[in-house]
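Architecture at a glance
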Amino acid sequence: MANDFEVDLVVVGSGAAGLSAAITAKKRGLDVVVLEKEPVFGGTTALSGGVLWIPLGPHGRKQNPADTREAVRRYMMEETGSYYDDAAVSAFLDNGPRMVEFFERETEVTFIPTLYPDYHPDVAGGVDIGRSILAQPYDIRGLGKDMARLKPPLRTITFIGMMFNSSNADLKHFFRATKSLTSFIYVAKRLANHIKELVLYQRAINVTSGNALAARLAKSALDLGIPILTSTPAQQILLENGRAVGVRAAGVGGEQRITARHGVVLACGGFPHDVKRIAQAYPHLARGGEHLSPTPTSNTGDGVAMAEAVGGVADIRFKDAAAWMPVSKVTFGDGTTGVFPHLLDRYKPGVIGVLKNGQRFTNESNSYHDVGAALIRACEGQAETAMWLVCDKTTLGKYGLGYVKPSPMPIGRFIKNGYLFEGKTLADLARVTGMDAAGLEQTVREYNVGAVKGQDPEFGRGRTSFNRYLADPENQPNPCVAPVQTGPFYAVKVIMGDLGTFDGIQTSVVGDVLKRDGTAIPGLYAVGNDRASIMGGNYPGAGITHGPNMTFGYITAHHIADQAGLK
Ligand SMILES: Cc1cc2nc3c(=O)[nH]c(=O)nc-3n(C[C@H](O)[C@H](O)[C@H](O)COP(=O)(O)OP(=O)(O)OC[C@H]3O[C@@H](n4cnc5c(N)ncnc54)[C@H](O)[C@@H]3O)c2cc1C
């Protein structure tokens, strides 16, 4: 066909994993093309926090010189249990720092350190600092005309399109804007710059977090001459004598066959929108509950399905098949809806999470994945998997709740459209939300006994450095705990969502797609969320998808170049 062409390597998907593989392969001398299903590039990566977990990396070594390989291995063993894979973990630890050094030395991709503790710093081998890095903010005018093809950030976590930095330093000022002159000036400057960008470019130009990561990766790829063919979904792996020799794709100009001399890399971002597969893999869906994913709707599991079609295996093995994220459904002013990931409010003092029976069920200041897993288990045997985040007027004014911003931003619109529930008393709140009134009153009464002293004897909120990291350091003695006291009271309903899937295609350490008998399908590779996570369905720290995803993208590309006989 007229559109057909031939390259060394076809990479399917333009998220961090795919672009890491593409850039590394190109630098090793392979002729690479990236196919992207959406009209924009960046995938979930562009919506993300842009944090990478890279133990013992160049930034972390300066922050925490005492960290050791043995400690990381111990932590990984504790976290992953029976899924611990020493060969894969060793490859990750050897190559994570090299990958960061490579990108920082040879591309536009640069990082800054963060203050994130591991998510379980109290577990053997966990640390309070030094393993999570963040993509450096980026001025997307660097992308030139391709700026228009960068996937915009998640609307629910921007403020009139302005992005926050995943580092705490930026957000701190927004919460303190009405209390501190320094913060007020900081926020006023940020807003003024953002409005200028909106007027000039109709979008945020100085992007942060995952949008910066996606932009920096795309810029590096495009500068190297790697075409990123958007609106070009791959549909089938082409096999010849059992070897992957290319893909069939639907392109702007119609169907095309792209022949790959040295391989095909699947990087389609897992299967968070594969309705059939998640109905089996997610326990709350299997029992009839709701699920809302903020990931791109294009992530329908095409990579997994294409691999299976040629003999690859993608069993559901992990107890938690995805990275859980408690979310709420937001209705915007124009009537459209969005998914709000509850990344911040749960940590704040005075916000508690309760079930329909009005009872708390977990430490709300644990990670999104841990709270999600606890919610799924707490609602076992029920059709609905949901919790309500509850707080009083003082707390709502200080921190906001979900998509509702702190005072002085108005809340009336959210009460009207049913996002925010309000009750003069706890019993009123229970009535409007459908919670058990006696249960809620008893929970708050009992919780407040400890909370006035900064204690949470039931679930130990504030116990770890991670609990406290996103809380309020000014709230003493416990940054995570304050009473729920003065009405009116407020609630937002939270259901289950995800940040991407953990289960995926079975691969070798270097990324070969494996058949059920354990042998590789020559020429076919999987990276990123298409490949089963080395975390075994657990979430040990900030950036545990991007860190391994970019590292294994780098490893797989080197392997392909080695196989091709390149120096
Ligand atoms: C709000 C949010 C915050 C997050 N924060 C972090 C964080 O800070 N750190 C972290 O580690 N993780 C974070 N995550 C998770 C992380 O973003 C994902 O795990 C990661 O982006 C997956 O990367 P990937 O390259 O595998 O896939 P993606 O980035 O999703 O890219 C896959 C691409 O493949 C494309 N595609 C799909 N099918 C086809 C096809 N048939 N042909 C061509 N293209 C196809 C998709 O359109 C998509 O663009 C976050 C997620 C969300 C939603």
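Preceding this paragraph is the structure being described.
The structure presented is a predicted model; accordingly, all values stated were derived computationally and were not measured. (Residues numbered from 1 in each chain as written. Predicted model: local features only at pLDDT ≥ 70, side-chain atom pairs only at ≥ 80, totals over all residues. Heavy atoms only, no water.)

Quick look at the side chain of Thr443
- Its place among the elements puts Thr443 in helix H15 (residues 437-451).
- With residues near it in sequence (within four places) discarded, Thr443 still touches Val354, Gly358, Gln359 and Arg360. (Helix = DSSP H or I, 4+ residues; strand = E, 2+ residues; numbered from the N terminus. Contact = heavy atoms within 4.5 Å.)

Points about the site of the ligand
- Every one of the 37 residues lining the ligand counts as a neighbour, but Glu36, Thr44, Thr45, Ser298 and Thr545 are closest to it.
- Between the ligand and the protein, one listed contact pairs an oxygen atom with a backbone N or O atom of Ala17 at 3.1 Å.
- Thr545 places a polar side-chain atom, nitrogen or oxygen, 2.7 Å from a nitrogen atom of the ligand.
- Protein chains bury 98% of the 1000 Å² of accessible surface belonging to the ligand in isolation.
- Of all elements in the fold, only helix H1 (16-27) and helix H17 (546-563) reach the threshold of two or more residues within the shell around the ligand.
- Of the residues contributing to the shell around the ligand, the split by class is 13 nonpolar, 20 polar and four charged. (Near = heavy atom within 4 Å. Polar contact = N/O pair within 3.5 Å; in protein donor to acceptor, adjacent residues only side chain to side chain. Areas by Shrake-Rupley, 256 points an atom, 1.4 Å probe, with all protein chains shown as cover. Nonpolar A, V, L, I, M, F, W, Y, C, P; charged D, E, K, R; others polar.)

A look at the packing of helix H3 (residues 69-80) against helix H4 (residues 86-106)
- Where H3 meets H4, the axes come as close as 11 Å, and the angle between the chain directions of the two elements is 140 degrees. When the axis of H3 is compared with that of H4, the two are oblique. Between H3 and H4 lies a crossing of right-handed hand. Contacts between H3 and H4 involve Arg69, Val72, Arg73 and Met76 from the first element and Asp86, Val89, Ser90, Leu93 and Asp94 from the second.
- Across the contact of H3 with H4, the residue classes break down as four nonpolar, one polar and four charged. (Axes fitted to C-alpha atoms, helices over the stretch in contact; angles between N-to-C directions. Parallel < 35°, antiparallel > 145°, perpendicular 65-115°, else oblique. Left-handed = near helix turned anticlockwise from the far one by under 90°.)

Focus: the nonpolar core
- With 85 residues, the main nonpolar core has Ile140, Leu213 and Leu217 as its most contacted residues.
- Considering every element that reaches this core, the biggest residue donor is H4, with nine residues.
- If sequence neighbours within four positions are ignored, Leu213 has contacts with Ala16, Thr45, Gly50, Leu52, Val109, Phe111, Ala135, His546 and Met550. (Core = buried A, V, L, I, M, F, W, Y, C linked by side-chain atoms within 4.5 Å. Buried < 20%, exposed > 50% of the residue type's maximum accessible area, 1.4 Å probe, protein only.)

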